[in-house]
Amino acid sequence: MAIIAAGLFILTIFAAFYDGLSVRRYRIGTGKLERGQNVRIVLIADLHSSIYGENQEHLVNLVKRQNPDLIALAGDIADDDAPHAGTEMFLAGIRDAAPVFYVSGNHECWSREIGEIKDMIRGYGVTVLEHSCTTIAVNGARIIICGVDDPDIRLEKGTGYDWKQEMHEAFDSLADEPGYKILLSHRPERVNTYTEFSFDLVLSGHSHGGQVRIPFILNGLYAPDQGWFPKYAGGVYRHGSMTHVVSRGVSYNPGLPRIFNPPEVVVVDIYGK
């Protein structure tokens, strides 16, 4: 009995501190796609230049194996402290996998070199969304992809900058546009603002999964800008007709281990119904 208990304890510890890449999948039905139409999005958030294998091969290969139609980068792909090598290796690896779209995160804004970071990201063929939208056809479906800079872009814009007002200027007219509308925004806790617009799907990161999870009991212990027991630590949340997917991120800091919270690549399948 003691041997069994010891074995279970070891397995539990291994599961708790496992830091290998995982894949989390969500399916979202919509009447804005025809029956039989499907769009697959791979969502990556909070890389913070973390490196997985030589030339990011573990992360890049995992992304490619999902056969994405689109790749969404929801902020903090680069970092304000770590070198950008991990970011560049990742971007180089995925540039031919699918169209890639990016919005800034708080750490990139904190770097005070957000302009240079965006130029670096554009250099790999990525569309950088800055309170802006672009339209793309995917498997016959009309997809409108929008994105906002992180609110801490005010560090570059100046004290008079109004993040929410710029959202209204950019997105109020979307209600009259046909198509399935997606918003990339790093911050999940700003969801009450996102619901003011006609988005069907919002993709976020930032929470790092609440850092510590207890399966079936606690979805997250602490998240930036949400504090203890965050409401939006990671997963799928419904707000009327809008779906909100929050990634737990792919970064890993040995000095601040994730518990029952492995880094995740998120796959979102949107299907017509």
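Everything that follows concerns the structure shown earlier in this document.
Being a predicted model, the structure only gives us computed values, none of them experimental.

Participant: Please explain the overall build of the protein chain as it appears in this structure.
Facilitator: In terms of helices and strands, the protein chain carries eight helices and 14 strands. Scaling as 2.2 N^0.38, a compact globule of 273 residues should have a C-alpha radius of gyration of about 19 Å, and the protein chain matches this with 19 Å. Expressed along its principal axes, the backbone C-alpha trace of the protein chain runs to roughly 65 × 45 × 35 Å. By residue count, 53% of the 273 residues in the protein chain fall in the buried class. A separation of at least 24 residues holds for 71% of the contacts in the protein chain among residues at least 6 apart in sequence. Carbon and sulfur atoms provide 53% of the accessible area of the protein chain, an area that totals close to 12,300 Å². In the protein chain, the 25 positive side-chain charges and the 33 negative ones have mean positions that sit 9 Å from each other.

Participant: Would you mind showing me how to read a nonpolar patch on the surface here?
Facilitator: On the surface, Ile214, Phe216 and Ile217 cluster together into a nonpolar patch covering about 430 Å² of accessible area. By secondary structure assignment, the location of Ile214 is in the loop between strand 9 (201-204) and strand 10 (222-223). Given the relative accessible area of 38%, Ile214 is considered partly exposed.

Participant: Explain the sheet that holds strand 3 (residues 70-74) to me, please; I cannot follow it from the model alone.
Facilitator: Two pairing modes exist for strands in a sheet, parallel and antiparallel, and in both the strands are linked by backbone hydrogen bonds. In spatial order, the strands read 1-14-2-3-4-5; together these six strands make up an open sheet with mixed pairing. Either end of the sheet is taken by a strand with one partner, and the two such strands are strand 1 (22-35) and strand 5 (127-128). Both strand 1 and strand 14 (residues 264-272) contribute to a ladder of 10 bridges, which runs parallel. Following the sheet pairing, Tyr26 is matched in strand 14 by Val268.

Participant: I keep staring at the packing of helix 2 (residues 57-65) against helix 3 (residues 85-94) and nothing clicks. Help me out?
Facilitator: A pair of packed helices is captured by two measures, namely the crossing angle of their axes and the spacing between those axes. Packing of helix 2 against helix 3 brings their axes to within 9 Å, and their N-to-C directions diverge by 30°. Between helix 2 and helix 3, the interaxial angle falls into the category roughly parallel. Seen from above, helix 2 lies across helix 3 with right-handed handedness. Residues Leu59, Val60, Val63 and Lys64 of helix 2 form the contact with helix 3, whose participating residues are Met89, Phe90, Gly93 and Ile94. Tallied by class, residues from the contact of helix 2 with helix 3 come to six nonpolar, one polar and one charged.

Participant: Got a minute to help me understand the environment of Arg190 in this structure?
Facilitator: Turning to its location among the elements, Arg190 is positioned in the loop between strand 8 (180-184) and helix 8 (191-194). It is 17 Å that separates the C-alpha atoms of Arg190 and Tyr222, two residues lying 32 residues apart in sequence. When near neighbours in sequence (up to four residues on either side) are disregarded, Arg190 contacts Pro151 and Trp163.

Participant: I'm lost on the sheet that holds strand 9 in this one. Help?
Facilitator: Here we have six strands laid out as an open sheet, ordered 6-7-8-9-13-12, and mixed in their pairing. In this open sheet, the two edge strands, each paired with only one partner strand, are strand 6 (132-138) and strand 12 (235-239). For this sheet, the mean angle separating the axes of adjacent strands, direction not counted, is 20°.

Participant: Any chance you could explain unusual backbone geometry here in plain terms?
Facilitator: For residues besides glycine, phi is generally negative; the peptide bonds are generally trans as well. The backbone of Ser49 shows a phi angle near 65°, a positive value even though the residue is not glycine. Take Ser49: it is sitting in the loop between strand 2 (38-44) and helix 2. We classify Ser49 as buried; its relative accessible area is 6%. Backbone geometry at Gln211 places phi at a positive 70°, although glycine is not the residue there. Within the secondary structure layout, Gln211 lies in the loop between strand 9 and strand 10.

Participant: Which parts of the structure should I look at to understand helix 7 (residues 163-171)?
Facilitator: Every buried residue of helix 7 is listed here: Trp163, Met167 and Phe171. Along the long axis of helix 7, the arc covered by the buried residues comes to 50°, so they all point the same way. Lining the buried residues of helix 7 we find strand 6, strand 7 (141-147), strand 8 and helix 8. The opening residue of helix 7 is Asp162, an N-cap whose side-chain oxygen sits 3.3 Å from the backbone nitrogen of Lys164.

Participant: So what exactly am I meant to see when it comes to the state of the cysteines here?
Facilitator: A covalent bond bridging the sulfur atoms of two cysteines is what the word disulfide describes. A full pass over the atoms with the stated rule returns one disulfide. Cys133 shares a disulfide with Cys146; S-S distance 2.1 Å. Given an S-S torsion of about 100°, the disulfide between Cys133 and Cys146 has right-handed geometry. With Cys133 in strand 6 and Cys146 in strand 7, the pair connects residues that are 13 residues apart, well separated along the chain.

Conventions and cut-offs
- Residues numbered from 1 in each chain as written.
- Predicted model: local features only at pLDDT ≥ 70, side-chain atom pairs only at ≥ 80, totals over all residues.
- Heavy atoms only, no water.
- Helix = DSSP H or I, 4+ residues; strand = E, 2+ residues; numbered from the N terminus.
- Rg over C-alpha atoms; globule rule 2.2 N^0.38 Å.
- Buried < 20%, exposed > 50% of the residue type's maximum accessible area, 1.4 Å probe, protein only.
- Contact = heavy atoms within 4.5 Å.
- Areas by Shrake-Rupley, 256 points an atom, 1.4 Å probe, with all protein chains shown as cover.
- Lys, Arg positive; Asp, Glu negative; His and termini not counted.
- Charge placed at Lys NZ, Arg CZ, Asp CG, Glu CD.
- Patch = residues over 30% accessible without salt bridge, like charges linked within 9 Å, V, L, I, M, F, W, Y side chains within 5 Å.
- Salt bridge = Lys/Arg side-chain N within 4 Å of Asp/Glu carboxyl O.
- Pairing = 2+ DSSP bridges.
- Axes fitted to C-alpha atoms, helices over the stretch in contact; angles between N-to-C directions.
- Parallel < 35°, antiparallel > 145°, perpendicular 65-115°, else oblique.
- Left-handed = near helix turned anticlockwise from the far one by under 90°.
- Nonpolar A, V, L, I, M, F, W, Y, C, P; charged D, E, K, R; others polar.
- Arc of directions from axis to C-beta.
- Polar contact = N/O pair within 3.5 Å; in protein donor to acceptor, adjacent residues only side chain to side chain.
- Disulfide = S-S within 2.5 Å.

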